[in-house]
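# Structural characterization, general
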Amino acid sequence: MKTSWKDELLRPWIIAGPCSAESFDQLYHTTKAIYELGINTIRSGIWKPRTRPNSFEGIGQKALEWIEKIKKELPVQFAVEVATAQHAELALKHGIDILWIGARTTVNPFLVQDIADSLRGTSTPVLIKNPVNPDLDLWIGCIERIANAGITKIGAIHRGFSSFKKTQYRNEPLWQLAIELKRILPHIPLICDPSHIGGDSSMIFSISQKALDLNYDGLIIETHPNPKEALSDPKQQVTPEQLALIINSLKLRKDKCDSVSFKNKLEELRHKIDSIDHDIIENLANRMKVIDEIGEYKLKNEVTILQLERWNEILKSRKSWAKDLKLTPNFVEEVYKTVHSDSIRRQTEIFNKNKN
Ligand code: PEP
Ligand code: MN
């Protein structure tokens, strides 16, 4: 059987290094400290896509020479972000081992296509970050454009999604979206970027552990010798010493267990879940029958489908029932929003059928 790039990776693949290369000394010392931890893939931003102008926009091409010099001394490979075809060409010219496409570039099919065209005929691996907005198709589209250029070593980096609402995260993880990518493209290694998801060094461990428990293939962690003084992303970078602590504390669980008693017990519990799910679906179908009856009744009496007071009352009571049963009220609220939207769809269909 042909093995894919993913099968050959040593898991978890740890990539560490500064958000940005700032000086030769900073890059050299960080690389050396990380290499001494047994990690040999170093990340480093060179061209930095910054949200606001007048902030540090990266060292640029000069840092590629620093990397070449460091690689002569240490057996490491470097990963660098490329945001244009010109970046990609320069990076390859300077022997960069791995390229990555940043979140702000993944959103732009023109740029991605330019980069893909510039990579045609090369074999350097490309890691593709999720787009800033939670659009799975854009992420997949970027992967497809790079794959169509003949690149076979492609990975995906989950760095979270920006949102208007303030949350504990810098970029909300929306784990389900990354899990869906894994389901659709199981042969693509999935790497978590806890630095850009959390936005704070104190969150790196818990996000990394969660990613490993979701069977991710690797982690990319921003590491700086003196994070407070970093020219970009100072809050989220860890020192090499902190990185060592994080890596050593992570628990690596296996993705399956061959023990017969484990398999039997799991199967027994899964039977229970199957039966509960069957009941849930039967109940949903029964609920929808009543929804249809109500739809007919509203139509006959010429009242609107949406009855705001009733909808507020449903949300309030269901969330309180959820709380009593130790379920997360927000989870139940989301379930009911989905159910309610389909109820409205069904009643709208009933109203439309009777339009004449
Ligand atoms: C980065 O990795 O430093 C970076 C700019 O990340 P992102 O594209 O995820 O914002
Ligand atoms: Mn960064």
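All values derive from a computational prediction rather than experimental measurement. (Residues numbered from 1 in each chain as written. Chains lettered and ligands numbered in written order. Predicted model: local features only at pLDDT ≥ 70, side-chain atom pairs only at ≥ 80, totals over all residues. Heavy atoms only, no water.)

### Observations regarding the packing of aromatic side chains
Our working rule: Side-chain rings of Phe, Tyr and Trp, where Trp is taken by its six-membered ring, are said to pair if the distance between their centres is within 6.5 Å; with planes under 30 degrees apart they count as stacked, over 60 as edge-to-face, and otherwise as tilted. Here the term buried applies to any residue with accessible area under 20% of the maximum for its type, exposed to any over 50%, and partly exposed to those in between, with areas from a 1.4 Å probe on protein chains only. Labels follow the DSSP assignment, with helices taken as runs of H or I lasting at least four residues and strands as runs of E lasting at least two, numbered in each case from the N terminus.
Applying the stated criterion across every chain yields a total of three aromatic pairs. Geometrically, the ring pair formed by Trp5 and Trp13 is edge-to-face, given 5.9 Å between the ring centres and 85° between the ring planes. The burial state of Trp5 is the same as that of Trp13; both residues are buried. Taking the centre distance of 5.9 Å and the plane angle of 15° together, the rings of Phe24 and Tyr28 count as stacked. In this pair, Phe24 and Tyr28 both sit in helix H2 (residues 24-35), four residues apart, roughly one turn of the helix. Relative accessible area serves as the criterion here: at 23%, Phe24 is assigned to the partly exposed category.

### Quick notes on the site of ligand 1
The condition is simple: Whether a residue is near a molecule or strand depends on its heavy atoms: if one lies within 4 Å, it is near. Under this definition, polar contacts are N or O atom pairs within 3.5 Å; protein pairs additionally need one hydrogen-donor-capable and one acceptor-capable atom, and for neighbouring residues in sequence, both atoms have to be side-chain atoms. Surface accessibility in these figures is a Shrake-Rupley result with a 1.4 Å probe; residues are shielded only by whichever protein chains are displayed. Here the term charged refers only to Asp, Glu, Lys and Arg, the term nonpolar to Ala, Val, Leu, Ile, Met, Phe, Trp, Tyr, Cys and Pro, and the term polar to all other amino acids, Gly among them.
Taken together, the residues surrounding ligand 1 are Cys19, Arg43, Lys48, Glu81, Trp100, Gly102, Ala103, Arg104, Lys129, Arg159, His196 and Glu222. Within the backbone of Ala103, one N or O atom sits 2.8 Å away from an oxygen atom of ligand 1. Within the contact set of ligand 1, an oxygen atom lies 2.8 Å away from a side-chain nitrogen or oxygen of Arg104. Here ligand 1 has 300 Å² of accessible area as a free molecule, and 97% of this is covered by the chains. Among the residues making up the shell around ligand 1, the classes are represented as three nonpolar, two polar and seven charged.

### Focus: helix H3 (residues 61-73)
Let me state the cut-off plainly: The reported arc concerns the directions from the helix axis to the C-beta atoms and nothing else. By definition in these notes, contact holds between two residues if any of their heavy atoms fall within 4.5 Å.
Taken as a whole, H3 has its buried residues at Ala63, Leu64, Trp66, Ile67 and Ile70. Mapping the buried residues of H3 onto a view down its axis gives an arc of 155°, with all of them on the same face. Seen from the open side of H3, the exposed residues pointing more than 90 degrees away from its buried face are Lys69 and Lys72. Buried positions along H3 lie against H2, strand S3 (77-81) and helix H4 (85-93).

By themselves these figures say nothing about function.
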